[in-house]
Structures are given as C-alpha cells and as structure tokens.
Amino acid sequence: MGIGVLELQFLLHEHKHKPFTGEILSIGRQATALTEKLTARFMKEYDVKPGKNAFVEFDTSRAPHPDGSLMLTDKSLFSLFCDAKFLAADISDYEQPDFVFDICGKVPWKYRNRFDFVMDGGSLDNVFDTFRMMANMTQMLKPGGRMFLTPWINSHPTAYVKLSPDWVMDYYAVNEFEDAKVYIYEGRIADNDRFAQAIWQYDPVTQPGTYTIASITSSNIQQLYAIAVKAKKTTHNKHAIQQHYRGKNREPYLTSAARFQNSDRPIFHSPNFSRGQINEISNQNAMRHIGTVGPAPSVSN
C-alpha cells in the first residue's frame, strides 16, 4: 500500500477543489515514494499552501531516493499540505495503526459517520470481500465526506482481485452518492522505449439518457483512481446489476450518472500532462483520454 507521484497529484487536485479538514482515515498505513523536495514541487505546481501544523518525518525503514533523500511518512506527507488529522486503521497492530479492526468485518459503531475523508491505497484489491469493504468505508464516512480509491485493474501480480471501472462506478451509482469521478491510469512503453502514463476518465453518460459500459480492451498495465462524495441519502449495502442485465430497471443509475457528470468537481488535471494522439483502450466511447504524463505513444497503424 502506498502513495506515489500520481496519487499525490490526485490528492492535491482534490484538496485544491475542496480542502481536506477534520479527520482522514487511511485503510492501512501508506508507504510513500515521496521526498520532501518532490512534495514541495507538486504543492507549488498545484498552488497548495503548507499546512498549519506541517512537520517533516522520514520513513527510515525504506530505501532512500536515488539522490539520497529519504521518503516521507504518510502522516508527515498529509501534514505538509493540509490541516486534517491523519489516522490509519489496519487488521493488526504490525504497522502501528491508530485503530485495529477488520475492514471486511463489522465496523464498530464509534467509527460510523465519523470521517471526512476515507482513502484506500491498496487494500481493496487485496481483500476477499470487496463489496463488504466498500460498504464499510461508506458507513465510516460522514455525509459530505469523500472516498479515494486506487485499486489495480489488471497486471499486478499480487492483487487478489482486479476491479473494473464499471464495478466501482456502479457501486457509487446504485447507492446514490452525491458525486463520483472514476479514472484509469494506463502505463505504456512509448517512443524510444520510454514509459508513458496515460489517464482516462470513465463517464457512462455518452449522451442524455444513456449508461455506457467502459468495455476496456487494452491489456496494458492499468490502475483505477476514484473520488466519490457521500450524500445524506447515500446507502451502503445495495448491490448493482450489471448494465447488460438491467432491462427496464435503469434507475437510479441514470440519475446518479447524470448528477456525477454535472457536478462542479473539476476533471483531474496534471500540470505535467501532454496531449496528442494515443491508442484507444476501449471499443466504447465512455472512456475519454484526458492527458499523458511522459511521451505520448505513437498511434498504431
């Protein structure tokens, strides 16, 4: 479980939209791949001011950056750019979390409707009961609280499950979240054997009254990023029906998806994005390329 450069950019982008306050709950402690200097660089690029109680703490258990700099701890990282209190929960006390409980078990009542931001940096694709974990994270959020996910879609050798963008989007839609944005990161070998990171947004509303599947056909390395907001009427325990089998039962999917599309939350943007032609990753038009970090791969003939 960890926070790298792309995860930091998603966090700073969301914090810029609406600052993190109150309590942040991380499912598991997060190993960062971020030095103090690198974090400061991205904070400047996103025009994010330092936190009032910022402190620098290094994770001495991890290998340093190639330049010799040490990596920040998760709590130190969040303190650098926000004033929220960072807390962590885990199934054991091995990594010294603040709370110990099974995220796929019964969540203690004292944690329900408590947190302002719940993030998962690598547990959702490593548990057996992914639905129970999503439901529990939803229960722990306050109304208006936000959820951040970063599970693998494919290609990761140790992931227990591979979660599609449809599975995540449909959970948010059927449980009537206030907002949800779902993105796909795809790693590719680009020109001159350099690695490029393409970012795509999944939006099922391709035209009014439609709910289009993601239908990803690419087999390149892919990871999902999602940010969602809990509403007062959000439920946590409704199971979605896959789009192919809904028949005439198209609500609340259509209404939720339209609400997500029309929200004031800006589409993710990286200051390092480049544009240009790129191979499609889907045979449907619900996947929209929003930018590439690194050289844009040539389009195949």
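Scroll up to find the structure.
My aim in this report is to walk through the structure given alongside it, one point at a time. On a predicted model such as this, the values are computed, not experimentally measured, just so you know. (Residues numbered from 1 in each chain as written. Predicted model: local features only at pLDDT ≥ 70, side-chain atom pairs only at ≥ 80, totals over all residues. Heavy atoms only, no water.)

For the rest of this paragraph, the subject is unusual backbone geometry. The omega torsion of the bond from Glu-251 to Pro-252 falls at 5 degrees, within 30 degrees of zero and hence cis. Within the secondary structure, Pro-252 is located in the loop between strand E10 (221–229) and helix H6 (253–261). In this structure, Asp-47 takes a positive phi of about 55 degrees despite not being glycine. With respect to the helices and strands, the residue Asp-47 is situated in the loop between helix H2 (36–45) and helix H3 (74–81). Positive phi, close to 55 degrees, is recorded for Gln-96, a residue that is not glycine. You can see Gln-96 is positioned in the loop between strand E4 (85–90) and strand E5 (99–100). Assessed through its relative accessible area of 65%, Gln-96 is described here as exposed. (Helix = DSSP H or I, 4+ residues; strand = E, 2+ residues; numbered from the N terminus. Buried < 20%, exposed > 50% of the residue type's maximum accessible area, 1.4 Å probe, protein only.)

Turning our attention to the pattern of salt bridges. Should their charged atoms come close, side chains of opposite charge can pair. Tallying each qualifying case throughout the model produces 14 salt bridges. A salt bridge links Arg-265 to Glu-14; its shortest N-O distance comes to 2.9 Å. Linking Arg-265 in the loop between H6 and strand E11 (273–274) with Glu-14 in helix H1 (residues 5–17), this pair joins segments that are 251 residues apart in sequence. Judged on exposure class, the residue Arg-265 and its partner Glu-14 are both buried. One network of salt bridges, with partners in common, ties together Glu-14, Arg-146, Asp-179, Lys-181 and Arg-265. (Salt bridge = Lys/Arg side-chain N within 4 Å of Asp/Glu carboxyl O.)

A few words now on the nonpolar core. By size, the foremost hydrophobic cluster in this structure holds 52 residues, and its most contacted members are Leu-25, Met-137, Met-140, Leu-149 and Tyr-172. Residues in contact with Tyr-172, not counting those within four places in the same chain, are Met-134, Met-147, Leu-149, Phe-177, Ala-180, Ala-226, Ala-228 and Phe-260. Among the nonpolar cores identified, the runner-up in size contains 34 residues, and Leu-12, Leu-77, Phe-268 and Val-293 belong to it. (Core = buried A, V, L, I, M, F, W, Y, C linked by side-chain atoms within 4.5 Å. Contact = heavy atoms within 4.5 Å.)

What follows covers the environment of Ile-216. Within the element layout of this structure, Ile-216 appears in the loop between strand E9 (195–202) and E10. For the pair formed by Ile-216 and Ala-198, sequence separation is 18 residues and the distance between their alpha carbons is 14 Å. Sequence-distant contacts of Ile-216, that is, excluding residues within four places in its chain, are made with Pro-165, Ile-184, Gln-222, Ile-281, Ser-282 and Met-287.

Below, the discussion takes up H2. For H2, the full list of buried residues reads Leu-38, Thr-39, Phe-42 and Met-43. For H2, the arc enclosing every buried residue in end-on projection is 135 degrees, short of the 170-degree limit, so these residues lie on one face. Residues Lys-37 and Lys-44 are exposed on H2 and point more than 90 degrees away from its buried face. For H2, the elements touching its buried residues are H1 and H3. The first or second residue beyond H2 is Asp-47, which carries a positive phi of 55 degrees. (Arc of directions from axis to C-beta.)

Right, let's get into the environment of Ala-258. Along the chain, Ala-258 falls in helix H6. Sequence separation between Ala-258 and Gln-207 is 51 residues, and the spatial gap between their C-alpha atoms is 9.7 Å.

The next subject is a nonpolar patch on the surface. On the surface, Val-56, Phe-58 and Leu-70 cluster together into a nonpolar patch covering about 220 Å² of accessible area. Its place among the elements puts Val-56 in the loop between H2 and H3. (Patch = residues over 30% accessible without salt bridge, like charges linked within 9 Å, V, L, I, M, F, W, Y side chains within 5 Å. Areas by Shrake-Rupley, 256 points an atom, 1.4 Å probe, with all protein chains shown as cover.)

Let us look at H6. What H6 keeps buried is the set Tyr-253, Leu-254, Ser-256, Ala-257 and Phe-260. Seen end-on, H6 carries its buried residues on one side only, within an arc spanning 165 degrees.

Turning our attention to the pairing of strand E6 (residues 115–120). In summary, the side chains of a regular strand alternate between the two faces of the sheet. With 6 of 6 residues buried, E6 lies mostly within the body of the structure. Taken together, the 4 bridges between strand E2 (residues 23–27) and E6 define a ladder with parallel strand orientation. Residue pairing in the sheet places Ile-24 in a bridge with Phe-117 of E6. Here 5 bridges tie E6 to strand E7 (residues 141–149), and the two strands are oriented parallel to one another. Opposite Met-119, over in E7, you have Phe-148 as the bridge partner. In terms of handedness, the path from E6 via helix H4 (residues 130–140) over to E7 forms a crossover that is right-handed. (Pairing = 2+ DSSP bridges. Right-handed = clockwise from strand over helix to strand, strands pointing away.)

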